[in-house]
Every structure is written in structure tokens, then in C-alpha cells.
Amino acid sequence: MITVNDLNPNLLKAEYAVRGKIVQRAYELEKEGKKIIYCNIGNPQALKQKPLTYLRQLLALTEYPPLMEEPSVNKIFPKDIINKAKYILSENPNGPGAYTQSEGMNFIRKAVANFISKRDNIDADPTRIILTDGASKGIQAVFTLLMKNSNSGFMIPIPQYPLYTATISLYGAKQISYYLDEEKHWELNEKELEESIKKAIKNNIEPVAIVVINPGNPTGSVLSKENIKMIINFARKYKLSILADEVYQENIYSERHKFYSFAKVMTEMGINDVPLFSFHSTSKGFLGECGHRGGYLEARNVDSEVYYQLVKLQSISLCANTAGQIVTYAMVDPPHENDESYETYIKEKNTILGELKKKAEILGEEINKIKGMSLKHPYGAMYAFVKIDLPQIKNAKNYTEKELVELEAKRDFEYCYELLEETGICVVPGSGFGQKPHTYHFRITFLPPIDEIKELVKKLKIFHENYLKRLEKENK
Ligand SMILES: Cc1ncc(COP(=O)(O)O)c(C=O)c1O
């Protein structure tokens, strides 16, 4: 028998808070009959979001083409969907049970390039696009590509989506953290970037890339064009590649905020020497097709030999799954205005995004009214990163900075654990994403139905008051 001590230490070190101990406890409590409000993970369809009809119809027909021979097919499926399914099968005659080429089906790569061109009014090259099993696999592929040796450093935001810290641990790379500026709505701060990279270089780390998540997870922020320009100039100055994680690009809930892709801003700046890897996914937006594992990566400003290495990497695991590729196609080429399925598509899309907007507003407004809690209003993504006032650790002077941060992580974990036990609300402690020392947060999704969100705000208020009283009594 092998034991844990025989395993890859990098894997043992890697952590992924979104599915950590608190969630395990939530499953146990649910089994015991307690009602749980799952606000821990951006998994929309697990929280009652309905799949889009056109997309599932397309999948049904492409997975089982004999349906198209049935006399009743025209009653069940709109004409444009039947035609689209026929088109997919003509472009991929081997059907979804066969491997595709490593980069993904060519016609879908072309459709992705059209989508980018139309979205940003810029050129996009289908031969620089790779279809991936969700954005996660694309992101990890680029980490593999850029990690020259174990001294290669990746700049990542704090707080961040834990895929990044976990991948860095797993691959044995170096993490260069930079703090997002909470006061400025979680923007990136140039001075902070400069300080963190200089410190890393001083420690003999070789920075190779900067990761930016926009719209932000866990912050719900949407970056301004100016901020993106600053990041591009910074990357250029230090010869860094940019990893632009743009999986929430459809999730914007404010007329004052707009999604700007790095590709667009960089093209407008006339910059063509900063390698850019952009990621998108079928998991988020209004599709919420997390389980289908669809997505793509687009590489810019890399030569064909570099791109070839990415394709080779993809070929080592053959290709992305075909259902995910088709869902990606459906995402980038949804029903058109004169199509039979268009009306339903628009109605479903607007309902999902409209409800998310309402829920973001409820959370943004109501949580800010709770004494001891505050948050920057979430204008994007599916999350809010709520700051909680908890008493500082007693006799802090007696601890090293590292010990103190560990104690603080324990404190926000305990807070979230007790929140779950008492109220059934399942959130993720801020320490799972990283946060400035001596601050406490938790991340909450606004995916549950509106009624549950309203109930949740009331419960949070009562819990927080009681928790503080208890802490005071225990004099921790
Ligand atoms: C910022 C961010 N990037 C990437 C991912 C991974 O998405 P996918 O399901 O496409 O792998 C997530 C998932 O929550 C995310 O929040």
C-alpha cells in the first residue's frame, strides 16, 4: 500500500478552497436534513439556473442524428437548429464519438475568431485559437508553456480564483502575488505591481507572466480601459506574457461598466510585442454549462513555433471533448435574428442575466447595511467579496507575521464554518482566495434564487451580531 507520504508533494501542497472542508460539511448537513444555501461555487445549473433551450437541442441532435429522420422532428426542434446540427455533422462527419484534431474542430475555431472580431472590432486569427476542456485546461496549458524552470514566476492577483495558486503549487513554479486595490473597487495598482515584481526579482525569481481576471473572481469587479492599458504597459516593461482570464465577460450588471478585452485594448494601443493568452468558457455568462467543459484560448503576439508547442501539448491529451466543443460553437454563434429559435434564446438569456443583476443589487445594497460587513458592489461575474470586521488576534505581537496570517486564516475559516452550522449558508473563507493580512472576508455567489438571497441577507445579519458577541465573551 502507498501512503500519502509517498505522493507528489506538489499535489499535497495544492489547495482549492472552493470545494474544501466547509463544502464537505455542507453535504453532510444536507444529508441530515438541514437546508443549505450553496453560495460557494459558480456552478449556475446546480443552483436551479435553466439550460438554454437552443443549446441543448443542438446537442441532442448532434449526439443522436437519427432523431433528424423522425417525422416529428420539425415539431420538436426549430428549423435553424436542425440546419445547424446538419452543418455540424457535415463539418465533423465522424461524429462526436471520434477524436477531433488537437486544436479542436476547424469550423468552430473559425466561429470563435468571428466572435472575437465582432465583439472587439479587431482581426482574429483562427489558427491561433485552441478549443479547450473549460478555461481551466487552457490556463494550465499556458502555465506549462511558459514555465521555463522552477524559478519562473507568475504574477497573480490576491484575492484570486484558487486555480492559480493551486496550479503554481502543482507545477512547482513561483508565485508573485500582487494585491488588488479594494478601496478602488479592486483595480490593479501600478505601484503595487512594481513593488511586487521588484521584490520577486530581488529574490532571484524570474517573472514570466501576469494573470489578470476580468471581470473578477472573487471580487465581482470590472476593470476600466485605463487600468487595462496600465497593465499592458507594465507587462511590456518587464517582458511578461499576459494571461487574460475573461470567463465572466458576459456577466456585467451595470450600464456604467463595460467589458474590454485585453485583445481589443492592446490592438487599439498598437502593441504587438506583448504575448497575450486570453481565455473564455462555456461555464459562465448566461450559459452556465460548467459540466460540458467547453472553452477556448486565443494566443496573440506569439510566433508559429511557440503556437506549435501549445498545439503539441494539446495533442498529448488528444483533443478537447467534442460536446464541449459544440457548446463552445453554440456560445460563439447563437441563434440569429430571423431564426425560429431566436425569440426563445433572447428571452432565456435576458431572464438569466436580469435575475443575476437583481441578485447582485440585493447583495450589494443589503450586505452593506449590516453593521460589521461591507463590500464593493459587484458589477460583474457572480460573486461578492465581503469584508467582515472581526477582532484582531489577541497578543499579536507574540507571533511572527506568518503565524499571524495562519491564525487569521483559522479565524475566517471558523467564522464560515459556524455560519454554515447555524444558518445553512455555505460561503468560502477569504483566506481561500488570499487577502491582505489583518483583514477578513468571505466570498459569496449570487446564484441562488432571489428568495433565498433575501433570506440569506437576514440570516447573515443575525449571525454576525451573535458571532461577535460570542467572540467577545470568549475573549479570543
Ligand atoms: C476566474 C475563473 N477562471 C476560470 C474558471 C474555470 O472555468 P472552467 O469551468 O471554464 O474551467 C473559473 C471557474 O469558476 C473562474 O472563476
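Values in this document were obtained by computation on a predicted structure and should not be read as measured data. (Residues numbered from 1 in each chain as written. Predicted model: local features only at pLDDT ≥ 70, side-chain atom pairs only at ≥ 80, totals over all residues.)

1. Structural notes on the sheet that holds strand E8 (residues 295–300)
And then number 1: Strand order in the open sheet made by the seven strands is E2-E8-E7-E6-E5-E3-E4, with mixed pairing throughout. Every other strand in the sheet has two partners, leaving strand E2 (129–131) and strand E4 (174–179) as the edge strands with one partner each. Averaged over all adjacent pairs, the angle separating strand axes in this sheet is 20 degrees, with direction ignored.
And then number 2: When strand E6 (residues 241–245) meets strand E7 (residues 276–281), the two strands line up parallel, connected through four bridges. If you follow Leu243 over to E7, its bridge partner there is Phe277.
And then number 3: Set on the sheet, helix H6 (residues 106–120) makes contact with E2 and E8; between it and E2 the angle comes to about 120 degrees. (Pairing = 2+ DSSP bridges. Helix = DSSP H or I, 4+ residues; strand = E, 2+ residues; numbered from the N terminus. Axes fitted to C-alpha atoms, helices over the stretch in contact; angles between N-to-C directions. Contact = placed C-beta atoms within 7 Å.)

2. Structural notes on the site of the ligand
And then number 1: The full set close to the ligand counts 14 residues, and Gly134, Ala135, Ser136, Ser281 and Ser283 are the nearest of them.
And then number 2: The leading source of residues in the shell around the ligand is helix H7 (residues 134–146), at three residues.
And then number 3: Its residues assigned to classes, the shell around the ligand comprises six nonpolar, seven polar and one charged. (Near = placed C-beta within 6 Å. Nonpolar A, V, L, I, M, F, W, Y, C, P; charged D, E, K, R; others polar.)

3. Quick notes on the nonpolar core
And then number 1: Counting residues in each nonpolar core, the largest one holds 123 residues, and the members touching the most others are Phe154, Val211 and Ile242.
And then number 2: In this structure, this core is formed jointly by two domains, domain 1 (4–48 + 346–475) and domain 2 (91–332), each of which donates at least three residues.
And then number 3: Not counting chain neighbours up to four residues away, the residues in contact with Ile242 comprise Ile210, Val212, Ala235, Phe262, Val274 and Leu276. (Core = buried A, V, L, I, M, F, W, Y, C linked by C-beta atoms within 7 Å. Buried ≥ 20, exposed ≤ 12 C-beta atoms within 10 Å, placed from the backbone. Domains from an automatic or database assignment.)

4. Remarks on the pairing of strand E3 (residues 152–158)
Each regular strand carries side chains that alternate between the two faces of the sheet.
And then number 1: Judged by how many residues are buried, E3 sits mostly within the fold: five of seven residues are covered.
And then number 2: As judged from the four bridges shared by E3 and strand E5 (residues 206–213), these two strands associate in the parallel manner. Each bridged residue has a counterpart across the sheet, and for Phe154 the counterpart in E5 is Ala209.
And then number 3: For E3 and E4, the ladder comprises six bridges, and the chain directions are parallel. Bridge pairing links Ile156 to Ser177 in E4.
And then number 4: A crossover connection joins E3 to the parallel E4 through helix H8 (residues 163–171); in handedness this β-α-β unit is right-handed. (Right-handed = clockwise from strand over helix to strand, strands pointing away.)

5. Section: the sheet that holds strand E10 (residues 383–388)
Where strands meet in a sheet, backbone hydrogen bonds hold them as pairs that are either parallel or antiparallel.
And then number 1: What the four strands build is an open sheet, ordered E9-E10-E13-E12; its pairing is antiparallel. Of all the strands in the sheet, just strand E9 (373–374) and strand E12 (428–429) have a single pairing partner and so form its edges.
And then number 2: Pairing of E10 with strand E13 (residues 441–445), which is carried by five bridges, proceeds in the antiparallel orientation. Bridge pairing in E13 places Tyr383 opposite Thr445.

6. Focus on the domain arrangement of the protein chain
And then number 1: What the domain assignment lists for the protein chain is domain 1 (4–48 + 346–475) and domain 2 (91–332).
And then number 2: A separation of 26 Å is found between the C-alpha centroids of domain 1 and domain 2.
And then number 3: With 34 residues of domain 1 at the contact, the number on the domain 2 side is 32 residues.
And then number 4: Of all the elements in the fold, those that place two or more residues in the side of domain 1 that touches domain 2 are helix H1 (9–13), helix H14 (342–368) and E10.
And then number 5: Here the side of domain 1 that touches domain 2 gets six residues from one element, more than from any other, and that element is H14.
And then number 6: Broken down by class, the residue content of the side of domain 1 that touches domain 2 amounts to 18 nonpolar, nine polar and seven charged.

7. Overview of the packing of H7 against helix H12 (residues 304–316)
And then number 1: Packing of H7 against H12 leaves a shortest axis separation of 10 Å and a crossing angle of 120 degrees. Here H7 is positioned oblique relative to H12, judged by the angle of their axes. Regarding H7 and H12, the two cross each other, and that crossing is right-handed. Taking contact as the criterion, the partners of Ala141, Thr144 and Leu145 in H7 are, on H12, Gln309, Leu310, Leu313 and Gln314.
And then number 2: The residue inventory of the contact of H7 with H12, partitioned by class, reads four nonpolar, three polar and no charged. (Parallel < 35°, antiparallel > 145°, perpendicular 65-115°, else oblique. Left-handed = near helix turned anticlockwise from the far one by under 90°.)

8. A short note on the environment of Thr322
And then number 1: Looking at the element boundaries, Thr322 is found in helix H13 (residues 322–332).
And then number 2: Looking at Thr322, the number of C-beta atoms within 10 Å reads 24, which means it is buried.
And then number 3: When the C-alpha positions of Thr322 and Ala98 are compared, they lie 8.1 Å apart, and in sequence the two are 224 residues distant.
And then number 4: Look past the residues within four positions of Thr322 in its chain and what remains in contact with it is Pro96 and Thr100.

9. Some thoughts on the pairing of E7
And then number 1: A large share of E7 lies buried, amounting to six of its six residues.
And then number 2: A crossover links E6 with its parallel partner E7, the connecting element being helix H11 (residues 262–268), and its sense is right-handed.
And then number 3: Here E7 runs beside E8; their pairing, made up of six bridges, is antiparallel. Bridging across to E8, Ser281 finds its partner in Gly295.

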